[in-house]
There are 2 protein chains.
Amino acid sequence: MRNIKLTLAYDGSAFHGWQIQPGLATIQGSLTDVIRKITQENISVHGASRTDTGVHALGQVASFRTQSALAVDEMQRAFNALLPPTIRIVAAEEFGPDFHARWQAVEKTYHYRIFRGAVLSPFDFRRVLHYPYPLDEQAMAHAAKHFEGEHDFTSFAASSGSEDTDKDRSPIREILRSEIVRKPEQEEIVYVVTGRSFLRYMVRKIVGTLLDVGRGKLCPSDIPNLFDLRDRSRSGPTAPPDGLYLVSLKYPEPWKIG
Amino acid sequence: MRNIKLTLAYDGSAFHGWQIQPGLATIQGSLTDVIRKITQENISVHGASRTDTGVHALGQVASFRTQSALAVDEMQRAFNALLPPTIRIVAAEEFGPDFHARWQAVEKTYHYRIFRGAVLSPFDFRRVLHYPYPLDEQAMAHAAKHFEGEHDFTSFAASSGSEDTDKDRSPIREILRSEIVRKPEQEEIVYVVTGRSFLRYMVRKIVGTLLDVGRGKLCPSDIPNLFDLRDRSRSGPTAPPDGLYLVSLKYPEPWKIG
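Asker: Would you mind showing me how to read unusual backbone geometry here?
Answerer: Most peptide bonds are trans, and most residues other than glycine sit at a negative phi. Residue and element names in this part refer to chain B. Its identity as a non-glycine residue notwithstanding, Arg126 has a phi of 70°, on the positive side. Position of Arg126 among the secondary structure elements: in the loop between strand 5 (107-115) and strand 6 (129-130). Although it is not a glycine, Arg230 sits at a positive phi angle of roughly 50°. Looking at the secondary structure, you find Arg230 in the loop between helix 5 (222-229) and strand 10 (244-250). You can call Arg230 partly exposed: its relative accessible area is 45%.

What follows is the structure in structure tokens.
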């Protein structure tokens, strides 16, 4: 059996999220259909992250096992020819037999784009959060730093479930980088977060909380208290999916073959 | 009566072109509905360019006359609040009584984007022409220069009709700038054309002809012959609308009030 790693970009506004669902257009569903058609095998596709409806990806990673003899370049071309143009395979590589896109991921990076200008470009509709109202961006930047390190993220998650596993019920997650980046020429701020893994809705709950800090409803120093409270009703609302991008995944060793 | 000038950006892939058509989503139709709703007047909206289905705009200009006392900033906000997010009013200004978006335009600039990389971003779907095959870009650049100046564009137009007027049946047009611009970091070439006015499909026919030059089906020196032939079957095909953007309009004097 060969083990194939795919790197994917997609416009999430066209799909009901990553996970396969009967009768709904999903990334995993589209990908599974196309790979089965090309390989003529009953393959399963595993994604590093189960992105939700409307969430975008620049560097989602998926893997599947196959007996197909097709070269990876030919796979990429054939899959892209059949996939909807809102899903693109950016790279296809052959990896070692025990590589698994979800279980071996050691780091994930998300960006959340917030457009601050008065008029959003029609080309950015559903691709950024448009927030033209006053925000204390410095307070948001301070608050963002509080998320770094290992914390109990119960206050910043969906009521149940994890983005990357059904098995791990622990609400403890480690965040390696959490910061607000200003793009002045684009009138945009971007929240950049890197972690080993995330709970469901966790990035969007953090962004909703940072927006509450920006509006003065919360202080940066409230963040440590929110970890202690373990109460999701006390943190900010879940920010809409429009601005969220899964940017990249990191794997521990060179699994690549050849 | 006040005379209002609107500068518009829109994602053309969501509309059946500029011109109002019963039962179809068009830019002029959406704009007319919204302005009538806000002003409670039976206004007409005039656009500088009747862009076709799928053609985009960054700086389309429209004008209408109104008795409304609403400040232009309030008009912009109110119109944008009711318009679909794929149409945005970038600016609203009050202009002199004889200003007319179509009749007074003295220059129009279009860009046509051609993506040369192997994999098109899912976020650029319907927003560029994807042409990953070999092209002699230097020959295209030479050919583009031949379009500058005053020429009979019969070979580069729809069989009948003009983009900007029903009255002017002359196929003579003056092009002020016609060139290929390379954006190496984006694997993209952009055809930039500025003219006083254009025949229907003229930019897309020029692009189709430049692509034929790039493929070696035509030589740069064939362009002057195509002007003489006055035969649209001898020029290249009409390029798809996806890559075409109406970028800006120029008006002769400062009509602006206040």
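Asker: Help me understand the pairing of strand 8 (residues 172-183) of chain A, please; the structure alone is not making it clear to me.
Answerer: All names here are of chain A. Bridge count for strand 7 (residues 149-152) against strand 8 is four bridges, and the pairing is antiparallel. Considered in strand 8, the bridge of Asp152 is made with Ile172. For strand 8 and strand 9 (residues 188-195), the ladder comprises eight bridges, and the chain directions are antiparallel. Within strand 9, the residue paired with Ile175 across the bridge is Gly195. Connecting the antiparallel pair strand 8 and strand 9 is a turn made up of four residues, with Glu187 showing a positive phi of about 50°.

Asker: Would you take a moment to explain helix 4 (residues 202-214) of chain B for this structure?
Answerer: The α-helix winds at 3.6 residues per turn, so residues separated by three or four positions along the chain end up facing the same way. Here helix 4 of chain B spans 18 Å end to end across 13 residues, near enough to the 18 Å set by a 1.5 Å rise per residue. Across the 13 residues of helix 4 of chain B, 13 count as buried, placing the element largely inside the fold.

Asker: Sorry, what's going on with the interface of chain B and chain A here?
Answerer: How big an interface is tends to be stated in terms of the accessible area lost upon association of its parts. Taken together, the contact pairs 21 residues of chain B with 21 residues of chain A. Each partner contributes to the roughly 1400 Å² buried at the junction of chain B and chain A, and carbon and sulfur atoms together form 77% of this total. Of all residues in chain B, the largest losses of buried area upon contact with chain A belong to Val119(B), Pro122(B) and Phe123(B), amounting jointly to 43% of the total for that side. Inspection of the region where chain B meets chain A yields zero salt bridges. Considered class by class, the residues forming the side of chain B that touches chain A number 13 nonpolar, five polar and three charged.

Asker: Before we go on, may I ask you to explain the domain arrangement of chain A in this structure?
Answerer: Residue and element names in this part refer to chain A. The domain boundaries assigned to chain A delineate domain 1 (2-104) and domain 2 (107-247). A separation of 27 Å is found between the C-alpha centroids of domain 1 and domain 2. Listed per partner, the contact involves 17 residues of domain 1 and 19 residues of domain 2. Counting the surface lost from both domain 1 and domain 2, the interface buries some 1400 Å², and carbon and sulfur atoms represent 50% of this. For the domain 1 face of the interface with domain 2, the top three residues by lost area are Arg50, Asp52 and His56, together amounting to 39%.

Cut-offs and rules
Residues numbered from 1 in each chain as written. Chains lettered and ligands numbered in written order. Predicted model: local features only at pLDDT ≥ 70, side-chain atom pairs only at ≥ 80, totals over all residues. Heavy atoms only, no water. Helix = DSSP H or I, 4+ residues; strand = E, 2+ residues; numbered from the N terminus. Buried < 20%, exposed > 50% of the residue type's maximum accessible area, 1.4 Å probe, protein only. Pairing = 2+ DSSP bridges. Expected span 1.5 Å × (residues − 1). Contact = heavy atoms within 4.5 Å. Buried area = accessible area lost by both parts, 1.4 Å probe. Salt bridge = Lys/Arg side-chain N within 4 Å of Asp/Glu carboxyl O. Nonpolar A, V, L, I, M, F, W, Y, C, P; charged D, E, K, R; others polar. Domains from an automatic or database assignment.

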